Amino acid sequence: MSTGSYSATRFSTLDEITPANVTGLQEVITFSTGTLQGHEGAPLVVNNTMYVITPFPNILYALDLTRPGAPAKWSYQPNPSDRAYGIACCDVVNRGAAYADGRIYYNTLDAHTVAVDANTGKEIWKTKVGNIDIGETITMAPIVVKNKVIVGNSGAELGVRGWVVALDAGNGKEVWRAYATGPDRDVLIGPNFQPFYADHRGKDLGVTTWPGEQWKLGGATAWGWFSYDPDLNLIYYGTANPGVWNPDMRPGDNKWATTIFARDADNGEARWAYQMTPHDAWDHDGINENILVDLPINGKTRKVLIHPDRNGFIYVLDRATGEPLRADKYYAQANWADRIDLRTGRPVENPAFRPRQGVVTRGICPGSVGSKDEQPSAYSAVTGWLYIPMNNICMDYEGMEANYIAGTPYVGASVRMYAGAGGYRGSVLAWDAARGQKMWEVKENFPVWSGIVVTAGGVLFYGTMDGWFKALDARDGRELWKYKVGSGIVGHPMTYRGPDGTQYVAVYSGIGGWMGAVAFPTISTDDPYTALGVAGAIPDIKQATTMGGMLYVFSR
C-alpha cells in the first residue's frame, strides 16, 4: 500500500543500506512515465513487479524487476475524461495505489476507482464514485481493508461536499458512504459515536455549525492518507478545509471540516472525531497522515495516533477514544494560535492573525500550504522519532465575497505567500512525539514537498523541489549522500528488497502539485497571488528545475 503499512509509519525494516555505506548508492533503473505533471505518489512493489501510476491520464505500468533495466510487462489505460484536467484544483496528481488479492486498486482524476488484474493488466471493474460536473475529482491513494476499497474525494476549492466511500473489492459496488458535513444520518453518526469533548456531541453539528445551507458547499474533502487499526477495526483519516476560504461567509465551527475521524471499517459509523481547527480561516486542511504507534505518555504506554497538522501543531491522540494527549507547536513560527488548550481541545487563537473579509491580514504563519502539506512523515521504530517534511511559508490573506457556480473555483480569498523568518523555505525536522521535543532540523532553500521514508539501517530518504534526492543519518541529520535527478521531487520515496536479495530505493521525479506547479511554463510568477498565492513564495523555482516525469531506482 502507498503508506507502507496500515499504521502509515513509512518505516522499512530493511537494514542493508546504512550511514556507513549509503555513499555507494548508484542509479540502476530509470523509467520515463511519459507525463510531465506533478508526480506526488510512490511506486508499489509486489511479487517482483513494480507498479507505476502516472498523473493524469493515470496510466498504470507493470515493470519486471527480474529482468535487467526492469522493462514494462504491460500497461493499463483507464482513459479518464479530459474535462477532469481543467477542473482539478491543484495539479492533476495521483498519490498511488493499493494491492490486495492479486489486484491493483487506484483512482482516476475523473472520480472513478478501478481494479486491475496485477498479473495481466486487464480491467476487472471500474466504478464511478464522484461527479466531475460539480468539481469532484480524486487524487488520493486508496486503502484496502477487509475486502473494502476506501476512497475519498477532492474538490473543496470548488464547493463540493466531502465524503468517504467504501467499495466492495470484489465487484466495485458501493458498501457505505459517509459525508463530512450535513445531518448525522449522512455523516454516519449514531449511538456509538463518543467524541472526547462535549462540544463535539450535539445533534446534527454538521448542519447547525454552518449558516443556512452552506454545509452543502462545505468542502471537508478526504484527499489525504488513511490508516487502519485491525485490533480496533477503525479507519482513521482527516478532512480538508471548509468550503469557501472566506471565513466571514460561514460563521460557526463548520463541523466536520479540519477533523480527524475514526470510523468502523465494516459500516463506516463514526466512533469518534476531533476537530483541530474550528472555523478554519487559513485553509489549514486536516488531511495529513495519522501515524499509529505505541508511545510512553506520562509514564504509561498508550496506543496513539500522531498527526502533524498543517496548522503548525502536532497532535497525539488515544486512537481508541480520541482523547488528545499532547498538542505541541512543532512549527515554531506558527502565530495564528499560541497553544492548544487540552481542557477544551480548542486552539487559543491570536486574534491579530485571523483573516476577515475586506481586510488584508499580514504576516500569518504558517501560510495556507501549512507547516507541512500532504507530503507524509516517517516514524522510526529504531529512534522512536518522527521525521517531518516541512514548509517555512507565511502569508497575507484577505477574505472576499464569492459566488458559487458548480464546477468552478469557489475560494473567496486573495492570498500572497512568502518565506518565513530566516529566509529558508523548507526543512526536515526530527521530532520526539512522546516528549514534544525537536531533536534536530536540516534546512532547505525550497519547501520539502517530498515525503520521507526511514529504515532500520538508520537512513532516511527525501527529495527536494530543485531535484536533489538525499539521504540523511536518522540519528543526527547529517547529509550522507545526494543525487541530482531531472526534475524536482514531490513524490514519496520507498525502499524494497529486489529479486536478487538486494535493498533498493525508488522515487519519482516530476515537479508539480500545488506549490510545484509554479515551475510550469504556463504559470506566471509575475503576480505573487498566482496559484492561490504560492507563486510569491517560490518565484525562483523556474530557474532551479523544469518539468519531468521519471522513476529512479538506486542500489549499492
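Everything in this summary refers to the structure shown in the same document.

What counts, and where the lines are drawn
- Here, residues in each chain are numbered from 1, in the same order as that chain's written sequence.
- Confidence filtering applies because this is a predicted model: local features only for residues at pLDDT of at least 70, side-chain atom pairs given and counted only at 80 or more, and all residues used for totals across whole chains, interfaces and linings.
- Side-chain numbers come from the whole structure's heavy atoms, not from hydrogens or water.
- Put simply, buried Ala, Val, Leu, Ile, Met, Phe, Trp, Tyr and Cys residues joined by side-chain atoms within 4.5 Å make one nonpolar core.
- Only protein chains enter the accessibility calculation, which uses a 1.4 Å probe. A residue is then buried if its area is under 20% of the maximum for its type, exposed if over 50%, and partly exposed in between.
- Pairs of residues are marked as contacts when any of their non-hydrogen atoms sit within 4.5 Å.
- Helix and strand definitions follow DSSP, with helices as H or I runs of at least four residues and strands as E runs of at least two, each counted in order from the N terminus.
- Here, any two strands with at least 2 DSSP bridges between them count as paired.
- The rule is simple: put a 1 Å grid over the protein atoms alone, call a set of points where a 1.4 Å probe fits but cannot get out a cavity, call an open set with protein on both sides within 12 Å along at least five of seven lines a pocket, and count a residue as lining if it has an atom within 4 Å of a point.
- Grid points are joined across faces, edges and corners, and a volume is the space filled by probe spheres set on the points.
- Only Asp, Glu, Lys and Arg are considered charged in this grouping, and only Ala, Val, Leu, Ile, Met, Phe, Trp, Tyr, Cys and Pro are considered nonpolar; every other residue, Gly among them, is considered polar.
- Here Asp and Glu are counted as negative and Lys and Arg as positive; His is not counted, and neither are the chain ends.
- A pair is scored as a salt bridge if a Lys or Arg side-chain nitrogen falls within 4 Å of a carboxyl oxygen belonging to Asp or Glu.
- We call Phe, Tyr and Trp rings a pair once their centres come within 6.5 Å, taking the six-membered ring for Trp, and we label the pair stacked below 30 degrees between planes, edge-to-face above 60, and tilted otherwise.
- Two limits define a charge over a ring: the Lys NZ or Arg CZ must be within 6 Å of the ring centre, and within 35 degrees of the ring normal.
- Between N-to-C directions, angles cover 0 to 180 degrees, with each direction set by a line fitted to C-alpha atoms, over the stretch in contact for helices.
- Two cysteine sulfurs form what is called a disulfide whenever their separation falls within 2.5 Å.
- Polar contacts, as counted here, are pairs of nitrogen or oxygen atoms within 3.5 Å of one another; within protein the pair requires one atom able to donate a hydrogen and one able to accept it, and residues that are adjacent in sequence qualify only if both atoms are side-chain atoms.

**Here we look at the nonpolar core**
Right, so step 1: By size, the foremost hydrophobic cluster in this structure holds 44 residues, and its most contacted members are W272, M417 and M515.
Right, so step 2: Discounting chain neighbours no more than four positions away, the residues touching M515 are V369, I393, P447, W449, M465, V534, A537 and I538.
Right, so step 3: In terms of nonpolar packing, the next biggest core, distinct from the first, is built from 38 residues, A111, V145, V187 and L188 among them.

**Here's the deal with the pairing of strand β4 (residues 49-53)**
Along any regular strand the residues' side chains alternate between the sheet's two faces.
Right, so step 1: With five of five residues buried, β4 lies mostly within the body of the structure.
Right, so step 2: Both faces of β4 are covered, namely the face carrying T49, Y51 and I53 and the face carrying M50 and V52.
Right, so step 3: Here strand β3 (residues 44-46) runs beside β4; their pairing, made up of three bridges, is antiparallel. The residue of β4 that forms the bridge with L44 is Y51.
Right, so step 4: Remark: two residues form the turn of the hairpin made by β3 and β4, two consecutive strands paired antiparallel; N47 in that turn has positive phi of roughly 50°.
Right, so step 5: Connecting β4 to the next strand, strand β5 (residues 60-64), in antiparallel fashion are six residues, including N58 with a positive phi near 60°.

**Digging into empty space enclosed by the protein**
Right, so step 1: A complete count under the given rule lists three cavities of 30 Å³ or more for this structure.
Right, so step 2: Of the volumes computed, that of the largest cavity is approximately 270 Å³.
Right, so step 3: Lining the largest cavity are 25 residues, with C89, C90, R95, E157 and W223 sitting closest to its centre.
Right, so step 4: Counted by class, the lining of the largest cavity contains ten nonpolar, seven polar and eight charged residues.
Right, so step 5: Each pocket or cavity is described by its volume, and for the second largest cavity that value is around 50 Å³.

**Some remarks on the side chain of D280**
Right, so step 1: Within the secondary structure, D280 is located in the loop between β18 (270-275) and β19 (291-297).
Right, so step 2: In this structure D280 is buried but unpaired, with R250 as the nearest side chain of opposite charge at 5.5 Å.
Right, so step 3: If we ignore the near neighbours within four places in the chain, the residues touching D280 are N241, P242, R250, T258 and D285.

**Observations regarding the packing of aromatic side chains**
Right, so step 1: Counted by the stated rule, this structure contains 28 aromatic pairs.
Right, so step 2: Ring geometry for Y236 against W272: centres 6.0 Å apart, planes inclined by 45°, an arrangement best described as tilted. Separated by 36 residues along the polypeptide, Y236 in strand β16 (residues 234-238) and W272 in strand β18 bring together distant segments of the chain.
Right, so step 3: By relative accessible area, which is 1% here, W272 ends up buried.
Right, so step 4: Each residue in the set F461, F469, W481, Y483, Y552 and F554 is aromatic and connected to the rest through ring pairs, giving one cluster.
Right, so step 5: A cation over an aromatic ring shows up here: K484 above the ring of W468, its NZ or CZ 6.0 Å from the ring centre.

**Quick look at the sheet that holds strand β36 (residues 494-497)**
Right, so step 1: Pairing in this open sheet of four strands is antiparallel, and the strands run β2-β38-β37-β36 from one edge to the other. Strands with a single pairing partner mark the edges of an open sheet, and in this sheet they are β2 (26-32) and β36. Direction aside, neighbouring strands of the sheet carry axes that sit 25° apart on average.
Right, so step 2: Here strand β37 (residues 503-509) runs beside strand β38 (residues 550-555); their pairing, made up of five bridges, is antiparallel. What sits directly across from Y508, in β38, is L551.

**Some remarks on the environment of I138**
Right, so step 1: Counting through the fold element by element, I138 comes out in the loop between β10 (123-128) and β11 (143-145).
Right, so step 2: Judged by its relative accessible area of 0%, I138 is buried.
Right, so step 3: C-alpha of I138 to C-alpha of G498: the two residues are 360 residues apart in sequence and 31 Å apart in space.
Right, so step 4: In contact with I138, other than residues within four places in its own chain, are N107, T108, L109, A111, H112, V129, V151, G152, N153, S154 and W163.

**Let's talk about the state of the cysteines**
Working definition of a disulfide: a covalent bond connecting the sulfur atoms of two cysteines.
Right, so step 1: Within the structure shown, the criterion is met by two disulfides.
Right, so step 2: Note on cysteine connectivity: C89 is disulfide-linked to C90, with sulfurs 2.1 Å apart.
Right, so step 3: In this structure C89 comes out as partly exposed when scored by relative accessible area, which is 34%.
Right, so step 4: Through a disulfide, C365 is tied to C394; the S-S separation comes to 2.0 Å. Residues C365 and C394 are joined by a disulfide whose S-S torsion is about 105°; by sign, that bridge is right-handed. You can see C365 sitting in the loop between β25 (360-364) and β26 (378-379) and its partner C394 sitting in strand β28 (residues 393-399), a full 29 residues away along the chain. In this pair, the class of C365 matches that of C394, namely buried.

**Overview of the pairing of strand β22 (residues 324-329)**
Right, so step 1: Bridging between strand β21 (residues 313-318) and β22 involves five bridges; their strand directions are antiparallel. Paired with Y315 across the two strands is A327, which belongs to β22.
Right, so step 2: The hairpin turn running from β21 into β22, its antiparallel successor, is five residues long, and G322 in that turn takes a positive phi close to 80°.

**Remarks on the side chain of N391**
Right, so step 1: Tracing the chain through its elements places N391 in strand β27 (residues 386-391).
Right, so step 2: Judged by its relative accessible area of 1%, N391 falls in the buried class.
Right, so step 3: A polar contact of 3.3 Å, which involves the side chain of N391, links it to the backbone oxygen of V369.
Right, so step 4: Among the polar contacts listed, one links the side chain of N391 to the side chain of Q375, at a separation of 3.3 Å.
Right, so step 5: Apart from residues lying up to four places away in sequence, N391 is in contact with Y331, V369, G370, S371, K372, D373, Q375, R425, G426, P447, V448 and W449.

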